[in-house]
Amino acid sequence: MFTSIPSLDPILQCLLPAFTQPTFQTHIEVLLGWVMCLGKRTEYGVFQTIQADTPVSRKERHPFDRFYNFFSRSAWTVRDLAHQVAVAIVVALNPRGLLYLVVDDTLLHKRGRHVYGLGWFRDAVASTAKRVATASGNHWVVVGLAIPIPGTSKIYCLPIHAMLHLAGKKNKSEATLAKEMLQDILGWFPDRKLVFIGDGAYSASNLLGDLDPRVTYVGVMRADAAIYDPTVPRQSKSKRGRKPSKGPRLPNPKEAVKKADGNRSGRGPWSWQSVQAKAYGVTRKLRVLSFQAVWPEVRGLVPILVVLVRDPLGKFDDKYLFTTDVGAESSWVISTFARRWSIEVAFKASKQVMKIQAPQHWCQQSIEKLSPWVWLMQSMIGLWYIAEGRQLPQAQAARRRFGAWDTEWSLVHMLRILRSAILAEAIYPKSATKADLYQLLDDLDNYLALAT
């Protein structure tokens, strides 16, 4: 049986309030099994890895009921565990300043007549600009904390909350679930200001209609959004009828871009301005058109700042952004929205590295708990590596071998370092220095990775 390592123990101990003592021990064992499993990460495969030193007979009942019950019957909740994970990450990596939160949804492919929450949803990976592909699976809304890694300019996303989105108009929408998670996070950090970043699916009134004053939202606006001038025109007191609550209608984002393109003089309200903004790790020179407006369908009569962005080099399409902070700089809006991509990287890592789609569970409790647990443990592995793991001798040796396309901030690398450290502790726990052993285990791990 594998055991935890000294550098990981204090980080995992932060999660103890979410469990009872016996369940916490089971949680540690399941996490170690998930990390050390080299085959397909079905529940049975992970549980078999936990007791890798004990042969399991296929003719008798397996001894894994305790581990299955951890997801299907235990009393711990995703909200409590998410709370402890979020606090641990914020205290260690973002103790001061704004908290940048990214929200997005993803589809975990599953099939089966009895799988809870199954539905047909848009598959973002298989879809193109001209064709929308759908697939069967569980649809999840996930909130992550997007933080700059200390000493680098890289933005890394650590998932801190997740909720299952059920198909059908009678069930809660993605924006409603995002609002519920946002309320949880506001309660966890009552003294902090938040920046909430989302795409077009979350530019909705049920999320933004009565947004908490501590939250600044940065998101995507529809190309045909009905927006109006926030300045109410003066009207004679003698004129009968209802007084206007907003100004005349403004060009929608698509029309505003055309107006700016046709403005050859470069003067007037509809003209492009040049700005420099850091987006996707590069400082870019962009053109922007910004103005204040009201979007009654989404924010009521509360003014917003519209920021329309164009890349002169044509490397990405025009973006129609907006923020609830009307005093924000255009460059800040662009760089802040660019953080959204980090959650896409986190989704890719959870599917390709953590194998979050591999378990073949089906009951409601397991469906609602297992995937959020994997995302939260992915964040704890990231926290461990940034805070402690990168200092290990094996991590330092790996950095010396990196080529132009290698990065230590990939989850593959973090998981490999953690796996090697756990193996070193299991093989030679009393060693004062494990540098040579780390190197041997790293070579073995690379061989096993290629073999599987």
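So, how was this worked out
- Residues numbered from 1 in each chain as written.
- Predicted model: local features only at pLDDT ≥ 70, side-chain atom pairs only at ≥ 80, totals over all residues.
- Heavy atoms only, no water.
- Helix = DSSP H or I, 4+ residues; strand = E, 2+ residues; numbered from the N terminus.
- Buried < 20%, exposed > 50% of the residue type's maximum accessible area, 1.4 Å probe, protein only.
- Contact = heavy atoms within 4.5 Å.
- Areas by Shrake-Rupley, 256 points an atom, 1.4 Å probe, with all protein chains shown as cover.
- Lys, Arg positive; Asp, Glu negative; His and termini not counted.
- Charge placed at Lys NZ, Arg CZ, Asp CG, Glu CD.
- Pairing = 2+ DSSP bridges.
- Patch = residues over 30% accessible without salt bridge, like charges linked within 9 Å, V, L, I, M, F, W, Y side chains within 5 Å.
- Salt bridge = Lys/Arg side-chain N within 4 Å of Asp/Glu carboxyl O.

Engineer: Mind showing me how you'd approach the overall build of the chain here?
Structural biologist: Tallying secondary structure elements over the chain gives 15 helices and 10 strands in all. By the burial criterion, 52% of the 452 residues in the chain qualify as buried. Partitioning the contacts of the chain with sequence separation of at least 6, the portion at a separation of at least 24 is 63%. As presented, the chain carries roughly 22,600 Å² of accessible surface, and 52% of it is formed by carbon and sulfur atoms. Once the 59 positive and 37 negative side-chain charges of the chain are each reduced to a mean point, those two points are 7 Å apart.

Engineer: Quick question: what am I supposed to make of the pairing of strand 8 (residues 282-294) here?
Structural biologist: As a general feature of sheets, a regular strand has side chains that alternate between the two faces. Across seven bridges, the pairing between strand 7 (residues 273-279) and strand 8 is antiparallel. Its bridge partner lying in strand 8, S274 is registered against R287. The turn joining strand 7 and strand 8, which pair antiparallel and follow one another in sequence, is formed by two residues; a positive phi near 60° is taken by Y280. With eight bridges connecting them, strand 8 and strand 9 (residues 303-310) associate as antiparallel partners. Within strand 9, the residue paired with V288 across the bridge is V309.

Engineer: Would you take a moment to explain unusual backbone geometry for this structure?
Structural biologist: In most cases, non-glycine residues show a negative phi, while peptide bonds are predominantly trans. Even without being glycine, Y280 reaches a positive phi, approximately 60°. Of note, Y280 is situated in the loop between strand 7 and strand 8. A residue is classified by how much of its surface remains accessible, and Y280, at 43% relative accessible area, is partly exposed.

Engineer: What's the story with a nonpolar patch on the surface in this structure? I'm lost.
Structural biologist: Together, Y280, W341 and V345 give the surface a local cluster of nonpolar side chains, amounting to about 330 Å² of exposed area. Secondary-structure assignment places W341 in helix 11 (residues 341-352).

Remember that the coordinates give geometry; whether it matters functionally is a separate question.
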